[in-house]
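The primary structure of each chain is shown beneath.
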Amino acid sequence: MNRKLTKAEIIDNIHDTLGTDRKTILAIIDGFFDEMKDGLGKGQTAELRGFGTFEVRVRKGKENARNPKTGETVSVDKHGVAIFRAGRELKEELWDIRS
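Everything numeric in this text was worked out from a predicted model, so none of it was measured. (Residues numbered from 1 in each chain as written. Predicted model: local features only at pLDDT ≥ 70, side-chain atom pairs only at ≥ 80, totals over all residues. Heavy atoms only, no water.)

As for the overall build of the chain
What the chain contains, in helices and strands, is 3 helices and 5 strands. When the helices and strands of the chain are listed from N to C terminus, the series reads α-α-β-β-β-β-β-α. Judged by the C-alpha coordinates and their principal axes, the chain covers about 55 × 35 × 30 Å. Within the span of the chain, comprising 99 residues, buried residues form 15% of the whole. (Helix = DSSP H or I, 4+ residues; strand = E, 2+ residues; numbered from the N terminus. Buried < 20%, exposed > 50% of the residue type's maximum accessible area, 1.4 Å probe, protein only.)

And the structure:
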């Protein structure tokens, strides 16, 4: 259950299904991710019906955060983080999966 699905495997699976050449599939996937990153970077929400929604939320900064590796006290500025919320259809698809 912990197995990762890589971009290369996605390309291979699409190639096997559609027969489109891998370079074209790679260009489409890379273009899709570039559009997602650009939109999120501009503060837009990316909604993929049937899958989910990506958005950016701002995390407030902390004056006295701690580096867990060194224990050193550091200051963290407010910053954006990408958030994913699964859509209804994805939630229903995954509901019965047991690990």
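Concerning the pattern of salt bridges
This model, assessed by the stated rule, comprises 8 salt bridges. Where Lys37 meets Asp34, a salt bridge forms, and the shortest distance between an N and an O atom there is 3.9 Å. Taken as a pair, Lys37 and Asp34 lie in helix α2 (residues 22-41) at a separation of 3 residues, close to a single helical turn. We classify Lys37 as exposed; its relative accessible area is 56%. Arg88 is paired through a salt bridge with Glu92; the nearest N and O atoms lie 3.9 Å apart. Residue Arg88 and its partner Glu92 are both found in helix α3 (residues 88-94); the two are separated by 4 residues, about one turn of the helix. The class of Arg88 is exposed, set by a relative accessible area of 58%. (Salt bridge = Lys/Arg side-chain N within 4 Å of Asp/Glu carboxyl O.)

Re the sheet that holds strand β5 (residues 79-86)
Strand order in the open sheet formed by 3 strands is β1-β2-β5, with antiparallel pairing between adjacent strands. Two strands in the sheet have a free side with no partner beyond their single neighbour: β1 (46-48) and β5. The average angle at which neighbouring strand axes cross in this sheet is 25°, direction not considered. Pairing of β1 with strand β2 (residues 52-59), which is carried by 3 bridges, proceeds in the antiparallel orientation. (Pairing = 2+ DSSP bridges. Axes fitted to C-alpha atoms, helices over the stretch in contact; angles between N-to-C directions.)

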